[in-house]
Amino acid sequence: MQTATLLRKGDLVQVMVGRAKGKSGKVLRVDRKYERVYVEKVNMVKRHLKPSRANPQGGVLEKEAPMRWSNVMPVCPKCAKPVRLRHQVTKEVRQRACGKCGALMAATHNV
Ligand SMILES: [Zn+2]
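Calculation rules
- Residues numbered from 1 in each chain as written.
- Predicted model: local features only at pLDDT ≥ 70, side-chain atom pairs only at ≥ 80, totals over all residues.
- Core = buried A, V, L, I, M, F, W, Y, C linked by C-beta atoms within 7 Å.
- Buried ≥ 20, exposed ≤ 12 C-beta atoms within 10 Å, placed from the backbone.
- Helix = DSSP H or I, 4+ residues; strand = E, 2+ residues; numbered from the N terminus.
- Pairing = 2+ DSSP bridges.
- Contact = placed C-beta atoms within 7 Å.

1. Comments concerning the nonpolar core
Judged by nonpolar contacts, the single largest core of 17 residues is most densely connected at Val13, Val37, Val39 and Val72. When contributions to this core are tallied by element, the ones reaching two or more residues are strand 1 (12–15), strand 3 (36–39) and strand 7 (72–74).

Take a look at the structure:
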């Protein structure tokens, strides 16, 4: 079953569940097919690289691993707490708003 999310790239989110619980960061990427988000500097994993022409020594690369988007919540800039978002229609434009205080999130809506 597909679920939707109101999360967008660039949102500040807090991790609610799992290994990175309590951490917060900026959404780097939203993967709508796999229902996952990549959050900056959160849920880092080490990738071991084979030596290649560009990188003859090989080495270890740390990068963000995706998390289920249901495990993170956006942080409202006004409440400064993790909140649920809802849609708010103003002048026929659908915007995202904080479910608690109604503060508008980033204005652009790109699905
Ligand atoms: Zn709020």
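2. Quick look at the sheet that holds strand 1
Pairing in this open sheet of five strands is antiparallel, and the strands run 6-3-2-1-7 from one edge to the other. Every interior strand has two partners, whereas the edge strands, strand 6 (67–68) and strand 7, have only one. Both strand 3 and strand 6 contribute to a ladder of two bridges, which runs antiparallel. Within strand 6, the position partnered with Val37 by the bridge is Met67.

3. Some points on the pairing of strand 4 (residues 44–49)
Along strand 4, only zero of the six residues are buried, which leaves the element largely exposed. With six bridges joining them, strand 4 and strand 5 (residues 59–64) adopt antiparallel strand pairing. Bridge pairing in strand 5 places Met44 opposite Glu64.

4. Some words on unusual backbone geometry
Residue Glu35 is not a glycine yet carries a positive backbone phi of 55°. Inspection of the secondary structure assignment puts Glu35 in the loop between strand 2 (24–31) and strand 3. A positive phi is found at Ala80, a non-glycine position, where the angle reads about 55°. Relative to the helices and strands, Ala80 is located in the loop between strand 7 and strand 8 (85–90).

5. Brief notes about the pairing of strand 9 (residues 93–98)
Inspection of the sheet shows strand 8 paired to strand 9 by six bridges, in the antiparallel sense. Bridge assignment links Arg86 to a residue of strand 9, and that residue is Ala97. With antiparallel pairing between neighbouring strands as the criterion, strand 8 and strand 9 make up a hairpin whose turn holds two residues, including Lys91 at a positive phi of roughly 50°.

6. Quick word on the environment of Met44
By the element assignment, Met44 lies in strand 4. The contacts of Met44, once residues within four sequence positions are left out, are Glu62, Lys63 and Glu64.

7. Focus: the environment of Glu40
Secondary-structure assignment places Glu40 in the loop between strand 3 and strand 4. For Glu40, a count of 15 C-beta atoms within 10 Å puts it in the partly exposed group. For the pair formed by Glu40 and Lys26, sequence separation is 14 residues and the distance between their alpha carbons is 5.3 Å. Other than its neighbours up to four places away in sequence, Glu40 contacts Gly25, Lys26, Leu28 and Glu64.

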